[in-house]
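Take a look at the letters that make up each chain.
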Amino acid sequence: VEVLIAHDQLAEAERICSDWVLESPDSTTPRWLLSEVYRHRRDWVGARKQLEAVVSLAPMSVTAHLRLGDIARRQRRYTEAKGRYERSLDIAGRYVESAYCGLASMALELDQTEEAREYADTVSYTHLRAHETVLDLVCRLLLETKKKLQTQLDTYVSPLSLRHPS
């Protein structure tokens, strides 16, 4: 199925996964793969439905929570996205860089520069570059924004320092 998805044979991949879901309704694998088919089609409703089924079957699935966070962020449902990213952090610990990347991206989209900086500071350069894809170039933006924020903070002159001495 993954090969079919990679070769953009999404109709065939969907048919196989749908049959597999019917045969094994309590298995997370066919639902995960079906969500990938929908994600590649940018069918966020279909992808979300399958990922929510994965979470109901496997509530501790960090990757399902991360994907649901990404989908909610793409749909500008920021409260839900934040909850999903935070849930993935609760499950996997504080070192889930993908969740931090998502939280930082969301903060940037909401013009919450300080929060974006705090989240981005926890994301390594290697992680940012590893996740640079055609579908989601946010990590590259984060890297550039992180550098700009640091430059702005380093060169910022406080209004108090501009006063004349009395």
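One can find the structure itself at the top, above this paragraph.
Residues numbered from 1 in each chain as written. Predicted model: local features only at pLDDT ≥ 70, side-chain atom pairs only at ≥ 80, totals over all residues. Heavy atoms only, no water.

(A) How the structure looks around unusual backbone geometry. One non-glycine residue, aspartate 8, lies in the positive phi region at around 60°. Following the sequence through the fold, aspartate 8 ends up in the loop between helix 1 (2-6) and helix 2 (10-23). Its identity is not glycine, yet arginine 42 carries a phi of approximately 65°, on the positive side. Its location among the elements puts arginine 42 in the loop between helix 3 (28-41) and helix 4 (44-57). (Helix = DSSP H or I, 4+ residues; strand = E, 2+ residues; numbered from the N terminus.)

(B) Structural detail: a negative patch on the surface. A contiguous patch of negative charge, built from Glu114, Glu115, Glu118 and Asp121, is present on the exposed surface. Turning to its location among the elements, glutamate 115 is positioned in helix 8 (residues 113-121). For glutamate 115, a relative accessible area of 33% translates into the label partly exposed. (Patch = residues over 30% accessible without salt bridge, like charges linked within 9 Å, V, L, I, M, F, W, Y side chains within 5 Å. Areas by Shrake-Rupley, 256 points an atom, 1.4 Å probe, with all protein chains shown as cover. Salt bridge = Lys/Arg side-chain N within 4 Å of Asp/Glu carboxyl O. Lys, Arg positive; Asp, Glu negative; His and termini not counted. Charge placed at Lys NZ, Arg CZ, Asp CG, Glu CD. Buried < 20%, exposed > 50% of the residue type's maximum accessible area, 1.4 Å probe, protein only.)

(C) Region of the structure containing the pattern of salt bridges. Scanning the model with the defined rule gives 10 salt bridges in all. One salt bridge in this structure joins arginine 15 and glutamate 12, with 2.6 Å as the shortest N-O distance. One end of the pair is arginine 15 and the other is glutamate 12, both in helix 2 and 3 residues apart, which spans about a single turn. According to the relative accessible area criterion, glutamate 12 is partly exposed, its value standing at 33%.

(D) Molecular detail of the environment of leucine 68. Following the sequence through the fold, leucine 68 ends up in helix 5 (residues 62-74). On a C-alpha basis, the gap between leucine 68 and glutamate 80 in space is 8.7 Å, while along the polypeptide they are 12 residues apart. Not counting residues within four places of it along the chain, the set of residues in contact with leucine 68 comprises Arg48, Leu51, Glu52, Val55 and Arg84. (Contact = heavy atoms within 4.5 Å.)

(E) Quick peek at helix 2. With 14 residues, helix 2 ought to run about 20 Å at 1.5 Å a step, and its terminal C-alpha atoms sit 20 Å apart, in line with that. Of all the residues in helix 2, the buried ones are Leu10, Ala13, Cys17 and Val21. Angularly, the buried residues of helix 2 cover 70° about the axis, an arc narrow enough to put them on a single face. Exposed positions of helix 2 whose direction lies more than 90 degrees from the buried face are Ala11, Leu22 and Glu23. (Expected span 1.5 Å × (residues − 1). Arc of directions from axis to C-beta.)

(F) Highlighting the packing of helix 3 against helix 4. Here helix 3 crosses helix 4 at 160°, and the two axes come no closer than 8 Å. Taken together, helix 3 and helix 4 sit at an angle that is classed as roughly antiparallel. Between helix 3 and helix 4 lies a crossing of left-handed hand. Counted together, Thr28, Arg31, Trp32, Leu34, Ser35, Tyr38 and Arg39 of helix 3 and Trp44, Gly46, Ala47, Gln50, Leu51, Ala53, Val54 and Leu57 of helix 4 form the full contact between these two elements. When grouped by side-chain class, the residues that make up the contact of helix 3 with helix 4 number 9 nonpolar, 4 polar and 2 charged. (Axes fitted to C-alpha atoms, helices over the stretch in contact; angles between N-to-C directions. Parallel < 35°, antiparallel > 145°, perpendicular 65-115°, else oblique. Left-handed = near helix turned anticlockwise from the far one by under 90°. Nonpolar A, V, L, I, M, F, W, Y, C, P; charged D, E, K, R; others polar.)

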